[in-house]
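# Structural overview
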Amino acid sequence: MRQAAVISMCFLALALPVANAFATAKKRVVTVTRSATSPMVDVDRWGQLQLKVTVKVTTTTVGSKTSKSFKVTSLAWPVFPEHTDRSAYISSQALPLLRQEILKLSGNQIQLVSGATDTSYGFVQALKGALTKAGAL
């Protein structure tokens, strides 16, 4: 019995500094808002697309571990495919839907727009470029 108590006390004495280190690790959260413009992206034969993104980037540090998350707060397209009537129509239908998908994004997948596949892929490529410039990725 006495030996078990001594072993338990030694274990607790050794574990206490480790538990104390976890208890004193400070959590640091930094949130910044950044804007960035994507590079020009060719949308196959339809034209070019460029996005302007405002994103809220949150960096959380606990001890030596750092994680980053982001939320897109606004999205505009200063340049979009409109050199033909068809490309203008597709852009007018697809871009607002893609914008809505990004603003409500909760994971890392968005729904592409049926009938506007090239525009959707160009949008994703431009978005990735803008988020990289903003430091969100």
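Before reading further, recall that the structure is shown in the block above.
Residues numbered from 1 in each chain as written. Predicted model: local features only at pLDDT ≥ 70, side-chain atom pairs only at ≥ 80, totals over all residues. Heavy atoms only, no water.

In a structure, side chains of opposite charge can pair up when their charged atoms sit close to one another. A full pass over the atoms with the stated rule returns two salt bridges. A salt bridge links D44 to R45; the shortest N-O distance between them is 3.8 Å. Considered together, D44 and R45 belong to a single accessibility category, that of exposed residues. (Salt bridge = Lys/Arg side-chain N within 4 Å of Asp/Glu carboxyl O. Buried < 20%, exposed > 50% of the residue type's maximum accessible area, 1.4 Å probe, protein only.)

This part is about the packing of helix α2 (residues 85–103) against helix α3 (residues 117–134). Helix packing for two helices is described by the angle between their axes and how far apart those axes are. It is at 10 Å that the axes of α2 and α3 come closest, and there the two elements cross at 45 degrees. Considering their axes alone, α2 and α3 lie oblique with respect to each other. For the pair α2 and α3, the crossing hand works out as right-handed. Touching I90, A94, L95, L98, R99 and I102 of α2 are T119, S120, F123 and L127, all from α3. (Axes fitted to C-alpha atoms, helices over the stretch in contact; angles between N-to-C directions. Helix = DSSP H or I, 4+ residues; strand = E, 2+ residues; numbered from the N terminus. Parallel < 35°, antiparallel > 145°, perpendicular 65-115°, else oblique. Left-handed = near helix turned anticlockwise from the far one by under 90°. Contact = heavy atoms within 4.5 Å.)

Turning our eyes to something else, we now look at the side chain of T58. Topologically, T58 is positioned in strand β3 (residues 47–62). Polar contacts involving the side chain of T58 include one to the side chain of T31, which spans 3.4 Å. Residues within four places of T58 in sequence aside, it is in contact with V29, V30, T31, S67, K68 and S69. (Polar contact = N/O pair within 3.5 Å; in protein donor to acceptor, adjacent residues only side chain to side chain.)

On to the nonpolar core, then. Ranked by internal contacts, the top residues of the largest apolar core, which has 25 residues, are L51, V53, V55, F123, L127 and L131. Residue assignment for this core shows that the elements contributing at least two residues are β2 (41–43), β3, β4 (65–79), α2 and α3. No other element matches α3, which puts six residues into this core. Filtering out sequence-adjacent residues up to four positions away, V53 remains in contact with R34, S35, A36, V72, S74, L75, L127, A130 and L131. (Core = buried A, V, L, I, M, F, W, Y, C linked by side-chain atoms within 4.5 Å.)

This brings us to unusual backbone geometry. Across residues other than glycine, the phi torsion is negative in most instances, and most of the peptide bonds are trans. Positive phi values are uncommon outside glycine, yet D44 reaches one of about 50 degrees. If you trace the backbone, D44 turns up in the loop between β2 and β3.

For the rest of this paragraph, the subject is α3. Taking 1.5 Å per residue as the helical rise, α3 with its 18 residues ought to reach 26 Å, and the 26 Å between its terminal C-alpha atoms agrees with that figure. Along α3, the residues classified as buried are T119, S120, G122, F123, A126, L127, G129, A130, L131 and A134. Where the residues of α3 are buried, they touch β1 (27–37), β2, β3, β4 and α2. Looking one or two places after α3, you find G135, whose phi comes out positive at around 85 degrees. (Expected span 1.5 Å × (residues − 1).)

Taking 1.5 Å per residue, 19 residues should reach 27 Å; α2 reaches 27 Å between its end C-alpha atoms and fits that length. Here α2 has its buried residues at S87, I90, S91, A94, L95, L98, E101 and I102. The inward-facing, buried residues of α2 abut β3, β4 and α3.

With respect to the helices and strands, the residue K71 is situated in strand β4. Note on K71: relative accessible area 36%, which makes it partly exposed. Separated by 38 residues in sequence, K71 and T33 have C-alpha atoms that sit 9.5 Å apart. Other than its neighbours up to four places away in sequence, K71 contacts T54, V55, K56, L103, K104 and L105. A distance of 2.6 Å separates a polar side-chain atom of K71 from the backbone oxygen of L103.

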